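# Residue-level structural notes
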Amino acid sequence: MDAARTRELEEKVAAGERLTYADGVDLYASDDLAWLGGLAHSVRTAKNGDRVFFNVNRHLNLTNVCAASCAYCSFQRKPGQKDAYTMRVEEAVTLAKAMEPAGITELHIVNGLHPTLPWRYYPRVLRELKAALPGVALKAFTATEVHWFEEISGLSADEILDELIDAGLESLTGGGAEIFDWDVRKQIVDHATGWEDWSRIHRLAHAKGLRTPATMLYGHIEEPRHRVDHVLRLRELQDETGGFTAFIPLRFHNDNNRLSHLEMATPAEALKTFAVSRLLLDNVDHVKCFWVMHGLSTAQLALSFGADDLDGSVVEYKITHDADGYGTPDTMTRDDLLELIRDAGFRPVERNTRYETLREYDGPDPARRDQPQPVWA
Ligand code: SF4
């Protein structure tokens, strides 16, 4: 990028001017990682100061049985296959109850597209979980799952969301987004949910008062221009509904799936993706680094490249963890997260599912430098 174009982009960011598709593509083409990080950090700091948000949550996957076989997925199993499982409602409640002593404020529930489970199972699980854990927010189901519920129930997404909300649903999850560009999507996704249905269902959820996150799976066969397109579609939808709480870039993992021959995105590519996403997505408050998918070292650095949220203290994140040979831990306690955030120079803030502040913590303690610092995985 020549000096004039560099200056033009700096001036646009400084003026808070909306960036274009061409700007996004040019930002990805830059090799100046420190420059990109500096631009994104200025935007992130203007929006969120020195705060880094986290929540205390647990992931629950009711079934790994799935009618689809997405190329990047290491989670799904076919009926009868070794390791295939489906929880009875009582099992899901028992497992969730066992998580209660950790002080969780959210259950994050995503599942395979089970070919024979009846639709009634899903609101029943939510009702029972809500009765057992009334103070815990239920963030459940991707738009892909809601689209699947339409297929298996004959109901509309409108009716499905009404019933799920009545059963205790507080937010959809942001998954199923992958990459919206159809030419890429049709090569990696093996179900019927494209951008039209994904956006239709989130638009509907927002109209019903739910606030939802949105994800992007990057670092597989897509090119940077597809990431730009993905983020700009979300920006346009956010202009319309204002219902997205956070954007979550998810790094593709190459173990145990049909794309295992691909190299994974490097930490530098991950940081660039966080930075450009932060710069383009001017109307979404938060960019989250899901540490399970990036490793703790990259997650700490991402906080200086546009991210301001580290997700939660996850237990048993199977969708990546079935693929993870990189030593990323299964769970972080609240104290682990506080240490990780402070060590990166930020002030931790515990939030709930709607990003309301539950507790503000002190920022970094300079005395920590007196002790040798841990080396994060
Ligand atoms: S990504 Fe989801 S829909 Fe696709 S195969 Fe895996 S579990 Fe099934």
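Residues numbered from 1 in each chain as written. Predicted model: local features only at pLDDT ≥ 70, side-chain atom pairs only at ≥ 80, totals over all residues. Heavy atoms only, no water.

### Looking at the overall build of the chain
Each helix and strand in the chain was counted, giving 15 helices and 11 strands. The globule rule puts the C-alpha radius of gyration for 377 residues at 21 Å, and the 20 Å found for the chain is close to it. By principal-axis analysis of the C-alpha atoms, the chain measures approximately 60 × 50 × 40 Å. A buried classification covers 58% of the 377 residues belonging to the chain. Contacts spanning at least 24 positions in sequence make up 75% of the contacts within the chain whose residues lie at least 6 apart. In the structure as shown, the chain presents an accessible area of about 14800 Å², 50% of it carried by carbon and sulfur atoms. In the chain, the 42 positive side-chain charges and the 59 negative ones have mean positions that sit 2 Å from each other. (Helix = DSSP H or I, 4+ residues; strand = E, 2+ residues; numbered from the N terminus. Rg over C-alpha atoms; globule rule 2.2 N^0.38 Å. Buried < 20%, exposed > 50% of the residue type's maximum accessible area, 1.4 Å probe, protein only. Contact = heavy atoms within 4.5 Å. Areas by Shrake-Rupley, 256 points an atom, 1.4 Å probe, with all protein chains shown as cover. Lys, Arg positive; Asp, Glu negative; His and termini not counted. Charge placed at Lys NZ, Arg CZ, Asp CG, Glu CD.)

### Quick notes on the site of the ligand
The local shell around the ligand consists of Cys-66, Ala-68, Cys-70, Tyr-72, Cys-73, Phe-75, Gln-76, Gly-112, Leu-113 and His-191. Here the shell around the ligand is built from residues that sort into 7 nonpolar, 3 polar and no charged. (Near = heavy atom within 4 Å. Nonpolar A, V, L, I, M, F, W, Y, C, P; charged D, E, K, R; others polar.)

### Overview of the packing of helix 2 (residues 21–29) against helix 11 (residues 267–280)
Interaxial distance between helix 2 and helix 11 falls to 10 Å at its minimum, and their mutual angle equals 155 degrees. Judged on the interaxial angle alone, helix 11 and helix 2 are roughly antiparallel. Considering how the two elements wind past one another, helix 2 and helix 11 form a crossing that is right-handed. Of the residues in helix 11, those in contact with Gly-24, Leu-27 and Tyr-28 of helix 2 are Glu-269, Lys-272, Thr-273, Val-276, Ser-277, Leu-279 and Leu-280. Residues that form the contact of helix 2 with helix 11 fall into these classes: 5 nonpolar, 3 polar and 2 charged. (Axes fitted to C-alpha atoms, helices over the stretch in contact; angles between N-to-C directions. Parallel < 35°, antiparallel > 145°, perpendicular 65-115°, else oblique. Left-handed = near helix turned anticlockwise from the far one by under 90°.)

### Quick word on unusual backbone geometry
The residue Asn-256 is not glycine, and still its phi comes out positive at about 65 degrees. Structurally, Asn-256 can be placed in the loop between strand 7 (244–251) and helix 11. A positive phi angle, near 65 degrees, is found at Tyr-355, a position not held by glycine. Counting through the fold element by element, Tyr-355 comes out in the loop between strand 10 (347–351) and strand 11 (357–360).

### Some details on helix 9 (residues 195–207)
Relative to the 18 Å expected for 13 residues at 1.5 Å per residue, helix 9 spans 18 Å between its end C-alpha atoms, a close match to the ideal helical length. Of all the positions in helix 9, only Trp-195, Asp-197, Trp-198, Ser-199, Ile-201, His-202, Ala-205 and His-206 are classed as buried. On its buried face, helix 9 is in contact with helix 6 (143–153), helix 7 (157–167), strand 6 (212–218), helix 10 (224–241) and strand 7. With its phi angle positive at about 95 degrees, Gly-209 sits one or two positions after the end of helix 9. (Expected span 1.5 Å × (residues − 1).)

### Topic: the pattern of salt bridges
Within the structure shown, the criterion is met by 30 salt bridges. Arg-5 is the partner of Asp-26 in a salt bridge, and the nearest nitrogen-oxygen pair spans 2.7 Å. Taken together, the residues span a long stretch of sequence, with Asp-26 in helix 2 and Arg-5 in helix 1 (residues 3–15) at a distance of 21 residues. With a relative accessible area of 14%, Arg-5 lands in the buried category. The salt bridge partner of Arg-334 is Glu-350, with a shortest N-O separation of 3.0 Å. Taken together, the positions of Arg-334 in helix 15 (residues 334–343) and Glu-350 in strand 10 put the pair 16 residues apart, joining distant regions of the chain. (Salt bridge = Lys/Arg side-chain N within 4 Å of Asp/Glu carboxyl O.)

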